[in-house]
Amino acid sequence: MAEEHNMRRVTAIKNGTVIDHIPSGQALKVLELLNLTSDTSVPVSLVMNVPSKKMGSKDIIKVEDRELTQAELDRLALVAPESSIAIIRAYSVAEKLTVNLGEEVRNVVRCTFSNCITQNLREPLPHRLRVTKTDPLTLRCHYCVRPQNLDELIHNLL
Ligand SMILES: [Zn+2]
């Protein structure tokens, strides 16, 4: 019942994507990861600090008229690995998706160290960050092995 109540908080959308179970306070970072902060024309709504049985409190984002792709959703692993995603078509849930956090975050973000080999544009390499721990998420560059600061990483999206 609590979940239903929360969903009602976010007005029903006809078509689009709902991202639920975002850790409280992370919604803005999620928007940034999805490039939904400035260069977007679709309506986006967010609800922050909603009570959640599972998480204590959580944020919810609703993106109208746009279905996020799995590749976009996988970026969410950086700040909201436990989030649940619903693709909405004609006011009902058409698809449920989850964020995949594997052993490596590949070609999502660039290593934050400026002297890393991946910064050499003459030798383009795939951008690979290894997941060394999931809770809290800890990433190390595959090449220079240095630990990454998640807040900085968000600004290094490819
Ligand atoms: Zn590196």
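Residues numbered from 1 in each chain as written. Predicted model: local features only at pLDDT ≥ 70, side-chain atom pairs only at ≥ 80, totals over all residues. Heavy atoms only, no water.

(A) Inspection of the pairing of strand E3 (residues 56–64) at higher detail. Bridging between strand E1 (residues 16–23) and E3 involves 6 bridges; their strand directions are antiparallel. Its bridge partner being in E3, Gly16 is matched across the sheet by Glu64. Two strands pair when backbone bridges link them, and strand E2 (residues 44–52) and E3 are joined in this way by 7 bridges, in the antiparallel orientation. Counterpart to Leu46 in the pairing with E3 is Ile61. Counted along the chain from E2 to the antiparallel partner E3, the turn is 3 residues long. (Pairing = 2+ DSSP bridges. Helix = DSSP H or I, 4+ residues; strand = E, 2+ residues; numbered from the N terminus.)

(B) The coordination of the zinc ion, seen in detail. The coordination sphere of the zinc ion, as far as protein atoms go, consists of Cys111 (SG), Cys116 (SG), Cys141 (SG) and Cys144 (SG), spread over 2.3 to 2.4 Å. Metal-centred angles of 103 to 113° between the 4 donor atoms at the zinc ion mark the site as tetrahedral. Each donor residue of the zinc ion belongs to the same chain, with the gaps between them written as C-x4-C-x24-C-x2-C. (Donors = N, O, S within 2.8 Å, 3.2 Å for Na, K, Ca; no water. Tetrahedral: all angles 85-135°; square planar, octahedral: opposite > 155°, others 65-115°.)

(C) Structural detail: the side chain of Arg75. Mapped onto the fold, Arg75 is located in the loop between helix H3 (70–74) and strand E4 (84–89). One buried charge, Arg75, has no salt-bridge partner; the nearest side chain with opposite charge is Glu72, at 5.2 Å. Ignoring anything within four residues of it in the chain, the contact list for Arg75 reads Leu33, Leu34, Asn35, Val108 and Leu157. (Buried < 20%, exposed > 50% of the residue type's maximum accessible area, 1.4 Å probe, protein only. Lys, Arg positive; Asp, Glu negative; His and termini not counted. Salt bridge = Lys/Arg side-chain N within 4 Å of Asp/Glu carboxyl O. Contact = heavy atoms within 4.5 Å.)

(D) Representation of the sheet that holds strand E5 (residues 92–98) within the structure. One open sheet holds the 5 strands; their spatial order is E2-E3-E1-E4-E5, and the pairing between them is antiparallel. Unpaired on one side and paired on the other, E2 and E5 mark the two borders of the sheet. With direction set aside, neighbouring strand axes in the sheet form an average angle of 20°. Alignment of E1 against E4, held across 5 bridges, turns out to be antiparallel. Among the inter-strand pairings, Val18 is bridged to a residue of E4, identified as Ala86. (Axes fitted to C-alpha atoms, helices over the stretch in contact; angles between N-to-C directions.)

(E) Representation of the domain arrangement of the protein. Domain boundaries assigned for the protein yield domain 1 (2–98) and domain 2 (104–156). Taking only C-alpha atoms into account, the centre of domain 1 sits 25 Å from that of domain 2. Taken together, the contact pairs 7 residues of domain 1 with 9 residues of domain 2. Counting the surface lost from both domain 1 and domain 2, the interface buries some 670 Å², and carbon and sulfur atoms represent 75% of this. Summed over the three residues of domain 1 that lose the most area to domain 2, namely Lys29, Glu32 and Leu78, the buried surface amounts to 66% of that side. (Domains from an automatic or database assignment. Buried area = accessible area lost by both parts, 1.4 Å probe.)

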